[in-house]
Amino acid sequence: VLAIWHQLTKAEIPELAKCSVLMRERSRVEETIYAMQRAGAGSLQVISDFDMTLTRFAHNGKRVPTTHNILDNQLLIDEDCTKKMRELLNTYYPIEIDASRTAEEKLPLMVEWWTKVHKLLISQRIRKDMLAQAVRESSAMLRDGYKVFFDRLTEQQVPLLIFSAGVGDVLEEVIRQNHVFLPNVHVISNYMDFDQTGVLRAFKGQLIHTFNKREGALSHAAGLRALQGRPNVLLLGDSLGDLTMADGVSQHQNLLTIGFLNDQVDERKESYMNSFDIVLVKDETMDVPNAILRYIT
Ligand code: C5P
Ligand code: MG
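Cut-offs applied
Residues numbered from 1 in each chain as written. Chains lettered and ligands numbered in written order. Predicted model: local features only at pLDDT ≥ 70, side-chain atom pairs only at ≥ 80, totals over all residues. Heavy atoms only, no water. Helix = DSSP H or I, 4+ residues; strand = E, 2+ residues; numbered from the N terminus. Rg over C-alpha atoms; globule rule 2.2 N^0.38 Å. Buried < 20%, exposed > 50% of the residue type's maximum accessible area, 1.4 Å probe, protein only. Contact = heavy atoms within 4.5 Å. Areas by Shrake-Rupley, 256 points an atom, 1.4 Å probe, with all protein chains shown as cover. Lys, Arg positive; Asp, Glu negative; His and termini not counted. Charge placed at Lys NZ, Arg CZ, Asp CG, Glu CD. Pairing = 2+ DSSP bridges. Right-handed = clockwise from strand over helix to strand, strands pointing away. Core = buried A, V, L, I, M, F, W, Y, C linked by side-chain atoms within 4.5 Å. Near = heavy atom within 4 Å. Polar contact = N/O pair within 3.5 Å; in protein donor to acceptor, adjacent residues only side chain to side chain. Nonpolar A, V, L, I, M, F, W, Y, C, P; charged D, E, K, R; others polar. Donors = N, O, S within 2.8 Å, 3.2 Å for Na, K, Ca; no water. Salt bridge = Lys/Arg side-chain N within 4 Å of Asp/Glu carboxyl O. Axes fitted to C-alpha atoms, helices over the stretch in contact; angles between N-to-C directions.

Enquirer: Is there a simple way to think about the overall build of the protein in this case?
Expert: Counting secondary structure elements, the protein contains 11 helices and 11 strands. Against the 2.2 N^0.38 benchmark of 19 Å for 297 residues, the protein shows a C-alpha radius of gyration of 19 Å, consistent with a compact globule. Per-residue burial for the protein yields a buried fraction of 54% across its 297 residues. Within the protein, contacts between residues at least 6 apart in sequence are counted, and of these 73% link residues at least 24 apart. Roughly 13,800 Å² of accessible area belongs to the protein as shown, and the carbon and sulfur atoms make up 49% of that amount. Of the side chains in the protein, 34 bear a positive and 39 a negative charge, and the two mean positions are spaced by 2 Å.

Enquirer: When you look at the pairing of strand S2 (residues 44-48) in this model, what are you seeing that I'm missing?
Expert: As a general feature of sheets, a regular strand has side chains that alternate between the two faces. Counted residue by residue, S2 has five buried out of five residues, so it is predominantly covered. The two faces of S2 match: Leu 44, Val 46 and Ser 48 on one face and Gln 45 and Ile 47 on the other face are all buried. Bridge analysis of S2 against strand S5 (residues 160-167) gives three bridges, and the strand direction is parallel. When the bridges of S5 are listed, Val 46 appears paired with Leu 160.

Enquirer: Sorry, what's going on with the pairing of S5 here?
Expert: With respect to burial, S5 is a largely interior element, eight of its eight residues being buried. Between S5 and its parallel partner strand S6 (residues 185-190), the chain crosses via helix H8 (residues 168-177), and the hand of that crossover is right-handed.

Enquirer: Quick question: what am I supposed to make of the nonpolar core here?
Expert: A general tendency of soluble globular proteins is for nonpolar side chains to be buried together. In terms of nonpolar packing, the biggest core is built from 94 residues, with Phe 149, Phe 150, Ile 162, Ile 278 and Ile 292 touching the most fellow members. Not counting the four nearest positions on each side in its chain, Ile 278 is found in contact with Leu 16, Val 21, Leu 22, Met 23, Val 29, Leu 256, Thr 257, Ile 258, Gly 259 and Ile 292.

Enquirer: Just checking my understanding: could you explain the site of ligand 1 for this structure?
Expert: In the vicinity of ligand 1 lie 16 residues, with Asp 49, Thr 66, Glu 96, Ser 164 and Ala 165 positioned nearest. A distance of 3.3 Å separates a nitrogen atom of ligand 1 from a polar atom in the side chain of Trp 113. Side-chain polar atom of Lys 213 to an oxygen atom of ligand 1: 2.9 Å apart, as the coordinates give it. Secondary structure elements with two or more residues in the shell around ligand 1: helix H3 (67-70), helix H4 (79-96), helix H5 (103-123) and S5. Grouping the amino acids of the shell around ligand 1 by side-chain chemistry returns seven nonpolar, five polar and four charged.

Enquirer: What's the story with the coordination of the magnesium ion (ligand 2) in this structure? I'm lost.
Expert: As a benchmark, a tetrahedral metal site with four donors has ideal angles of 109.5 degrees, while an octahedral site with six donors has ideal angles of 90 or 180 degrees. The magnesium ion (ligand 2) binds to the protein through Asp 49 (OD), Asp 51 (O) and Asp 238 (OD); the donor distances cover 2.1 to 2.2 Å. Mapped onto the polypeptide sequence, the residues donating to the magnesium ion (ligand 2) form the spacing pattern D-x1-D-x186-D. Take Asp 49: its relative accessible area is 5%, and that puts it in the buried class. The class for Asp 51 is buried, based on a relative accessible area of 13%.

Enquirer: I would appreciate a short explanation of the side chain of Asp 51 in the present structure.
Expert: Here Asp 51 shows up in the loop between S2 and strand S3 (58-59). For Asp 51, which is buried and forms no salt bridge, the nearest opposite charge comes from Lys 213, at a distance of 7.7 Å. Within the local environment of Asp 51, its side chain forms a polar contact with the backbone nitrogen of Thr 67, the two atoms lying 3.0 Å apart. If we ignore the near neighbours within four places in the chain, the residues touching Asp 51 are Thr 66, Thr 67, Ser 164, Gly 166 and Asp 238.

Enquirer: Would you take a moment to explain the sheet that holds strand S1 (residues 21-22) for this structure?
Expert: Strands sit in the order S1-S11-S10-S9-S2-S5-S6 across an open sheet of seven strands; the sheet is mixed. Where the open sheet ends on each side, the last strands, each with one partner, are S1 and S6. Bridge count for S2 against strand S9 (residues 232-237) is five bridges, and the pairing is parallel. Among the inter-strand pairings, Gln 45 is bridged to a residue of S9, identified as Val 233. Relative to S5, helix H7 (residues 146-155) is tilted by about 135°, and along the sheet it contacts S2, S5, S6 and S9.

Given below as structure tokens:
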């Protein structure tokens with residue numbers, strides 16, 4: 001039976017044969033895709049990370065900004081704050097992606113990074129009504145094929161949960177300006193809290209960073225009614241921490257995880273292959289998720 005399945009996915013999902021696609025257990029991936037296809041769109045939900053998963057990692061050799069880095073604009077923050085935020089990025093980003101440290105070791109350092117940056121941002125008295133312009137002026141960019149991805153999910157009425165440790169207000173503005181903030185899209189992220197005059201004074205709720213998405217998933221699960229009763233999950237991420245985004249889904253039947261491996265490829269290839277069902281190496285497109293969705297919905 002497996003041999004027949006293999007033939008089928010090759011014919012139906014040729015994108016999975018690309019050399020940038022790595023799978024430790026191809027047969028398990030195929031079985032999961034078939035099970036999801038049989039259950040159909042009504043049983044499916046998609047949970048995706050945002051920065052460096054729905055957005056590109058780089059474009060024309062330059063890094064694409066994360067939602068935090070979009071705030072690095074003279075409209076919002078001064079030179080001194082820019083300098084400090086860049087220093088923090090240069091210190092903590094290498095730790096975030098360091099293959100030689102465990103998530104447990106990284107966790108307190110990520111809390112430190114986010115806390116320092118949020119403090120800096122609050123000190124700048126950022127204005128809510130300037131965010132849209134900052135996003136327009138940024139080089140924020142969704143992955144190639146994003147439109148097909150969002151449109152397919154909307155057409156098939158499949159809910160998409162975007163689960164981001166970035167800044168929710170900026171994230172929403174990015175998807176709004178790209179015309180994909182559709183009714184089936186739900187967002188969990190760090191939202192800004194503005195005072196009555198529209199000036200940033202705090203961040204709302206429990207801080208979400210790269211390695212505590214499990215807690216966020218568990219605490220938000222009950223509130224996300226659109227996702228309930230959909231036992232099949234397609235999960236997209238670019239960090240090992242993203243794998244816990246589905247921990248709030250009770251009684252899931254099939255879980256298929258896709259990991260974008262953007263940076264430090266040689267160092268991280270093995271751990272990504274051991275953790276994600278499908279690993280996409282330096283792939284700036286949504287081609288593989290789109291091909292899988294085309295098949296299962
Ligand atoms: O959407 P996602 O969960 O990927 O957003 C978090 C990402 O934002 C992290 O992977 C981290 O590299 C990045 N980040 C940043 N600047 C910060 C904090 C996080 O670029 N100050
Ligand atoms: Mg990410």
